[in-house]
Amino acid sequence: MTAKRVREAARDLPASWVQAGNRLPVEGVPARGRGYYSAGYAGRPARILAKTLSTALHEYVHHLQRAIPELNARFTELHRRRTQGDPVVPVIPNQPDLKRETGRPDDYVHPYSGREYNGDPLEVMTMAFQQQLHLIHGDEFLDRLLDKDLEMLDLAVGALFKFDQDNG
């Protein structure tokens, strides 16, 4: 079922991105909780766990970060520029189970976008596309992007329509 959701989510992305993602082995596995992406290692394929289409898109975009690092670099640059000098804090401080998830939340419409993994902001790109293509919480986040973060919206929409994996 996860693999089916990932294939469905991939339909909303540019074909050149999906082709790049297909060059790295990935498998969908049954999800038993929160969505998850695990990069492949030691000859094993990457793994995606997702219960919903929205989560499948989010986790698949993690796969694309590995497959198309130059695309992810644009989102990383935006995050580093916007959060330069900001302290690392819990990205969702009021949820005890997420206290260990830290980063620089900036003024993103969802603070999880600023989550960092050993200093790498790997949720900026995933959340940007999830907020646009598979509306989490209805259209609340898309409305907030339009109202409060046009820079992120411009980057993500521009990437969808202009960034070609084969031509940068």
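Look up a bit, the structure's there.
To keep things clear, this report deals only with the structure shown in the data block. (Residues numbered from 1 in each chain as written. Predicted model: local features only at pLDDT ≥ 70, side-chain atom pairs only at ≥ 80, totals over all residues. Heavy atoms only, no water.)

## Topic: unusual backbone geometry
The following threshold applies: Secondary structure follows DSSP: runs of H or I at least 4 residues long count as helices, runs of E at least 2 residues long count as strands, and numbering of each begins at the N terminus. Relative accessibility thresholds used throughout: buried, under 20% of the residue-type maximum; exposed, over 50%; partly exposed, between the two (1.4 Å probe, protein chains only).
One non-glycine residue, Ala-42, adopts positive backbone phi at about 50°. Relative to the helices and strands, Ala-42 is located in the loop between strand S2 (36-38) and strand S3 (46-49). Of note, the phi angle at Asp-106 is positive, near 50°, even though the residue is not glycine. Relative to the elements of secondary structure, Asp-106 occurs in the loop between strand S5 (102-103) and helix H5 (124-133). Given a relative accessible area of 24%, Asp-106 falls into the partly exposed group.

## Overview of the packing of helix H2 (residues 15-22) against helix H3 (residues 53-67)
Rule in force here: Working convention: axes come from line fits to C-alpha atoms, limited for helices to the stretch in contact. Angles between N-to-C directions cover 0 to 180 degrees. Any angle that falls under 35 degrees is termed roughly parallel, while one over 145 is termed roughly antiparallel, one within 65 to 115 roughly perpendicular, and all others oblique. Contact definition: two residues touch when any of their heavy atoms are within 4.5 Å. Residues are grouped as follows: Ala, Val, Leu, Ile, Met, Phe, Trp, Tyr, Cys and Pro are nonpolar; Asp, Glu, Lys and Arg are charged; every other residue, Gly included, is polar.
In the contact formed by H2 and H3, the axes pass within 9 Å of each other and the chain directions differ by 80°. With respect to each other, H2 and H3 are oriented roughly perpendicular. Only Tyr-60, His-63, Leu-64 and Ala-67 of H3 make contact with H2, whose side of the interface consists of Trp-17, Val-18, Ala-20, Gly-21 and Asn-22. Residue classes in the contact of H2 with H3 are distributed as six nonpolar, three polar and no charged.

## Let's talk about the sheet that holds S2
We apply this condition: Pairing between strands is defined by DSSP: at least two bridges between the two strands are required.
Ordered in space as S1-S3-S2, the three strands form an open sheet in which the pairing is mixed. Of all strands in the sheet, those bounded by a partner on one side alone are strand S1 (26-29) and S2. Taken over all neighbouring pairs, the strand axes of this sheet differ in orientation by 20° on average, direction set aside. By the bridge criterion, four bridges tie S1 to S3 in an arrangement that is parallel. Within the sheet, the bridge partner assigned to Gly-28 lies in S3 and is Ile-48. Helix-sheet contacts for H3 involve S1, S2 and S3, and the interaxial angle to S3 is about 160°.

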